[in-house]
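Listed below, chain by chain, are the residues.
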Number of protein chains: 2
Amino acid sequence: MPVLHDDPATLRQLCRSGAFDQPTAGHAPRRVQANLAIVPRADAFDFLLFCQRNPKACPLVEVLAPGARAPLCAPGADLFTDLPGYRVYRDGHLAEERADVAALWRPDLVAFLIGCSFSFEWALQDADIALRHLEQGRNVAMYRTRLACVPAGRFAGEMVVSMRPIRSRDVATVIDICARFPQAHGTPVHVGNPGALGIADLMQPDYGDAVEIRDDEVPVFWGCGVTAQWVAQRSGIALCITHAPGKMFVTDSKG
Amino acid sequence: MPVLHDDPATLRQLCRSGAFDQPTAGHAPRRVQANLAIVPRADAFDFLLFCQRNPKACPLVEVLAPGARAPLCAPGADLFTDLPGYRVYRDGHLAEERADVAALWRPDLVAFLIGCSFSFEWALQDADIALRHLEQGRNVAMYRTRLACVPAGRFAGEMVVSMRPIRSRDVATVIDICARFPQAHGTPVHVGNPGALGIADLMQPDYGDAVEIRDDEVPVFWGCGVTAQWVAQRSGIALCITHAPGKMFVTDSKG
């Protein structure tokens, strides 16, 4: 088991120096973790509108002014260096993965921080709800669904969801707890019945790692910030910079 | 007491034909009512950002695409004709009040629907919480405060709040109920102590009508969508079209 970093500023500093390049789940418990999406100003209104229209998938934690790189939710941070890893999409194609994107900064780039379900996992664990992917040291399982998002300008596409197996007797408690975290996707979008979402095989996620589902459990599905990456990629915009999967921006915010 | 219209589509049709030009409080109970602000596309990103950064004052119900006038939350409606009254601001000054703004439509105009506290008043009344302004047939009292909003681009200014006198024993119940309506400003921003908000005299509201506060009551303050009008006016943008005070857009949405 790796060292878990409690202090978000320390973790961000380790990212900046290149000393930390791992997924952030489990680190800095009780702090809001966020998906990153950076798009040119020319596409920013439509992208902001997309997020506003699809709050279960893309709850906005913070949107920065064009050219700004220091968010209010993490004093001293730099969004272009303080994540464990980045992806760069050009014209809708993954062009490269990078440890930082400082060299790509431009005054017209607008950074979006979008909520992440990692932010409520500590509260579930506090209530003795076991989370399989954390127990097994895996990334959470994510799937593209047939749920259409509400489009905005050139941004359109299906909702991506994360899935956690939950004991049937715990489902109501889980929903009750998650309702307190609307910026971290809030309540689930779907309980049980993966086929209705267009998911043919839970053992073959589109992103992340598959986990076992036991006899006394049901699969529970939450909106996922990867939706934003997916629609940005699908739109074919000239440039979109995101975090690498599971390697979130860790804020100081307690939500 | 005037006739109260239950059906939102009927009420909108009466607005469109010119047969209804009154404030909408108390009409169409359980339906979301919304503030309207229409700004040019060139200012829309900053304005959307302002709303996103100030959700207690400017919770977004819906943002339409440039040029669109039919919102999803009210099928068949036209935002340029279906309100009881409009205001037109040019270069930061109130230029005119109009019964409709169809003649001002342009393909680059972006319409914002911002939540209104009228949307939770029915739930308070259901819980036997008396609301003085409704009892007395007045507009709710609104004040500009010294609370600074988080600025966005050229949009900046103080939060405007609405005030309702609430019995001390009911304050907790009121907060509990309002928490269910985040799109209608949600929980209060301030309870008691108007001086701390910079309000010298509750009997002299900046907008709406003063109401009596009794010995067993405290003044309770909510974020108010008039904040959006105030910062749009203050910014001096070339054009901003809004609803006239108290004359909201009535949606079909049950929130």
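Only a predicted model underlies this, so the values are computations on that prediction, with no experimental measurement involved. (Residues numbered from 1 in each chain as written. Chains lettered and ligands numbered in written order. Predicted model: local features only at pLDDT ≥ 70, side-chain atom pairs only at ≥ 80, totals over all residues. Heavy atoms only, no water.)

Things to note about the pattern of salt bridges
In the structure shown here, the tally under the stated rule is 26 salt bridges over all chains. Across the pair Glu135 of chain A and Arg132 of chain A runs a salt bridge whose closest N-O atoms are separated by 3.6 Å. Separated by 3 residues within a single helix, Glu135 of chain A and Arg132 of chain A lie in helix α4 (residues 132-135), roughly one turn from each other. Taking the shortest distance from any N to any O, the salt bridge between Arg164 of chain B and Glu121 of chain B comes out at 3.0 Å. Placement of the pair is Arg164 of chain B in strand β7 (residues 158-167) and Glu121 of chain B in helix α3 (residues 118-126), with a sequence separation of 43 residues. When salt bridges with common partners are traced through the structure, they connect Arg132, Glu135 and Glu217 of chain A into a single cluster. (Salt bridge = Lys/Arg side-chain N within 4 Å of Asp/Glu carboxyl O. Helix = DSSP H or I, 4+ residues; strand = E, 2+ residues; numbered from the N terminus.)

Some details on the side chain of Arg132 of chain A
Residue and element names in this part refer to chain A. Exposure remark for Arg132: the relative accessible area of 5% places this residue in the buried category. Polar side-chain contacts of Arg132 include one of 2.7 Å to the backbone oxygen of Glu212. With near-sequence residues (within four places) excluded, Arg132 lies in contact with Pro165, Val211, Glu212, Ile213, Arg214 and Glu217. (Buried < 20%, exposed > 50% of the residue type's maximum accessible area, 1.4 Å probe, protein only. Polar contact = N/O pair within 3.5 Å; in protein donor to acceptor, adjacent residues only side chain to side chain. Contact = heavy atoms within 4.5 Å.)

Here's the deal with the sheet that holds strand β8 (residues 190-191) of chain A
Residue and element names in this part refer to chain A. Reading across from one edge, β6-β7-β9-β8 is the order of the 4 strands in this open sheet, with antiparallel pairing throughout. Whereas interior strands pair on both sides, the edge strands pair on one side only; in this sheet they are β6 (141-148) and β8. Pairing between strand β7 (residues 158-167) and strand β9 (residues 217-223): 7 bridges, direction antiparallel. By the bridge assignment for β9, Pro165 is matched with Pro219. In the packing of helix α5 (residues 171-178) onto the sheet, the strands contacted are β7, β8 and β9, and the crossing angle to β9 comes to about 15°. (Pairing = 2+ DSSP bridges. Axes fitted to C-alpha atoms, helices over the stretch in contact; angles between N-to-C directions.)

Overview of the pairing of β7 of chain A
Residues and elements named next belong to chain A. Counting buried residues along β7, 8 of its 10 residues qualify, which places the element largely inside the surrounding structure. Sheet topology note: the β6/β7 ladder contains 5 bridges and is antiparallel. Within β7, the position partnered with Met142 by the bridge is Ser162.

Considerations on the interface of chain A and chain B
On the chain B side, the residues contacting the 18 residues of chain A number 18 residues. Between chain A and chain B, a total of about 1300 Å² is buried, with carbon and sulfur atoms accounting for 65% of that surface. Ranking the residues of chain A by area buried against chain B places Phe45, Leu48 and Gln52 of chain A at the top, with a combined share of 43%. Inspection of the chain A/chain B interface yields 0 salt bridges. (Buried area = accessible area lost by both parts, 1.4 Å probe.)

Section: the domain arrangement of chain A
Residues and elements named next belong to chain A. By domain assignment, chain A separates into domain 1 (8-117 + 235-250) and domain 2 (119-228). Computed over C-alpha atoms only, the centres of domain 1 and domain 2 are separated by 21 Å. Between domain 1 and domain 2, the contact holds 29 residues from the first and 32 residues from the second. A buried area of about 2500 Å², summed over both sides, lies between domain 1 and domain 2, and 58% of it is on carbon and sulfur atoms. (Domains from an automatic or database assignment.)

What to know about the relation of the copies chain A and chain B
Take chain A, turn it by 180°, move it 0.0 Å along the axis, and it overlays chain B with an RMSD of 0.0 Å. What the rotation and shift describe, once combined, is the action of a two-fold rotation axis. Across chain A, the rotation axis passes nearest the C-alpha of Phe45 of chain A, at a separation of 2.5 Å. Interface overlap between copies: 100% of the residues of chain A at the interface are likewise at the interface in chain B, consistent with a symmetric, same-surface contact. (Least-squares fit on C-alpha atoms with pLDDT ≥ 70 in both.)

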